[in-house]
2 protein chains.
Amino acid sequence: MNFKHLYYFWMAARTGGMIRAGQRIHITPQTLSGQIKVLEARLGCQLFERAGRNVQLTEAGHVAAGYAEEIFLLGEELEGALKNYAKASRNDDMRARSVATARAD
Amino acid sequence: MNFKHLYYFWMAARTGGMIRAGQRIHITPQTLSGQIKVLEARLGCQLFERAGRNVQLTEAGHVAAGYAEEIFLLGEELEGALKNYAKASRNDDMRARSVATARAD
DNA sequence: TTATGTTACGCTTGACGTAAACATA
DNA sequence: TATGTTTACGTCAAGCGTAACATAA
């Protein structure tokens, strides 16, 4: 499972298109289209289908988008949770001096 | 959040060492050590600390490992869930013939 | 001695990302 | 005119091999 590809897919699904997704995460539509194709090939099923000049999620795509949502929200939570520890370990002296004072910062 | 780095960290945490983790996922210990260091730098906190000739999780490391566990289990679930759809889209004829018969397969 | 982890260096490879052209609505 | 796709191409980070070093059983 390539999580970078999954992220591209998720952004495309959320924004409803390659161009809008690309603007949001600063990636060109060609790249998004290509990388999502790679993801589809690895998973063995189609996630998007053309709908006029736009794309829309297939049934499998909806399932994948749901999981992706959970996964990337957890990723954000992880980063948020570790920010507390990040302060404490900014330099090693702090731990030696006192754990309590690190909190005052 | 680089999920590849997180995966390396998670494997090292699960197996309790760089060498064991490396054997399991076919990555050299140098690479694991280095890539995990990159992860720590990005997160801004230490995840492992030396414990004798081995490494062990810091408090932050335990938190991160918990999230990583959830994330990668979800990833596996996702792949499993899409295997059903994978059959259906193996060739496009099936959809044209019938959605119901695809299930019997 | 032996086992583990860390750091460093040069090198190769594959994934990433772009630009340009194309297809379609 | 706006969107998505395909192709060809350059770039860069990932990972390896090798080696040296530190630490601890």
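We now turn to the structure provided with this report. Just so it is clear, the model here is predicted, and its values are computed rather than measured.

### With respect to the packing of aromatic side chains
Reasoning step 1: Summed over all chains, the structure comprises 11 aromatic pairs over all chains.
Reasoning step 2: When the centroid spacing of 5.2 Å and the interplanar angle of 25 degrees are considered together, the rings of A:Trp10 and A:Phe72 count as stacked. Taken together, the positions of A:Trp10 in helix H1 (residues 3–15) and A:Phe72 in helix H4 (residues 59–88) put the pair 62 residues apart, joining distant regions of the chain.
Reasoning step 3: Chaining the aromatic ring pairs together yields one cluster made of A:Phe3, A:Tyr7, A:Trp10, A:Phe72, B:Phe3, B:Tyr7, B:Trp10 and B:Phe72.
Reasoning step 4: A cation over an aromatic ring shows up here: A:Arg14 above the ring of A:Trp10, its NZ or CZ 4.3 Å from the ring centre.

### Quick notes on the interface of chain B and chain A
Reasoning step 1: With 27 residues of chain B in contact, the opposing surface of chain A contributes 28 residues.
Reasoning step 2: Summed over both partners, the interface of chain B with chain A comes to about 2,600 Å²; 73% of that surface belongs to carbon and sulfur atoms.
Reasoning step 3: The interface formed by chain B and chain A holds zero salt bridges in total.
Reasoning step 4: Sorting the residues of the side of chain B that touches chain A by element identifies helix H1 (3–15) and helix H4 (59–88) of chain B as the ones contributing at least two each.
Reasoning step 5: Split by residue class, the side of chain B that touches chain A holds 18 nonpolar, four polar and five charged.

What counts as what
- Residues numbered from 1 in each chain as written.
- Chains lettered and ligands numbered in written order.
- Predicted model: local features only at pLDDT ≥ 70, side-chain atom pairs only at ≥ 80, totals over all residues.
- Heavy atoms only, no water.
- Phe/Tyr/Trp six-rings, centres within 6.5 Å; stacked < 30°, edge-to-face > 60°.
- Helix = DSSP H or I, 4+ residues; strand = E, 2+ residues; numbered from the N terminus.
- Lys NZ or Arg CZ within 6 Å of the ring centre and 35° of its normal.
- Contact = heavy atoms within 4.5 Å.
- Buried area = accessible area lost by both parts, 1.4 Å probe.
- Salt bridge = Lys/Arg side-chain N within 4 Å of Asp/Glu carboxyl O.
- Nonpolar A, V, L, I, M, F, W, Y, C, P; charged D, E, K, R; others polar.

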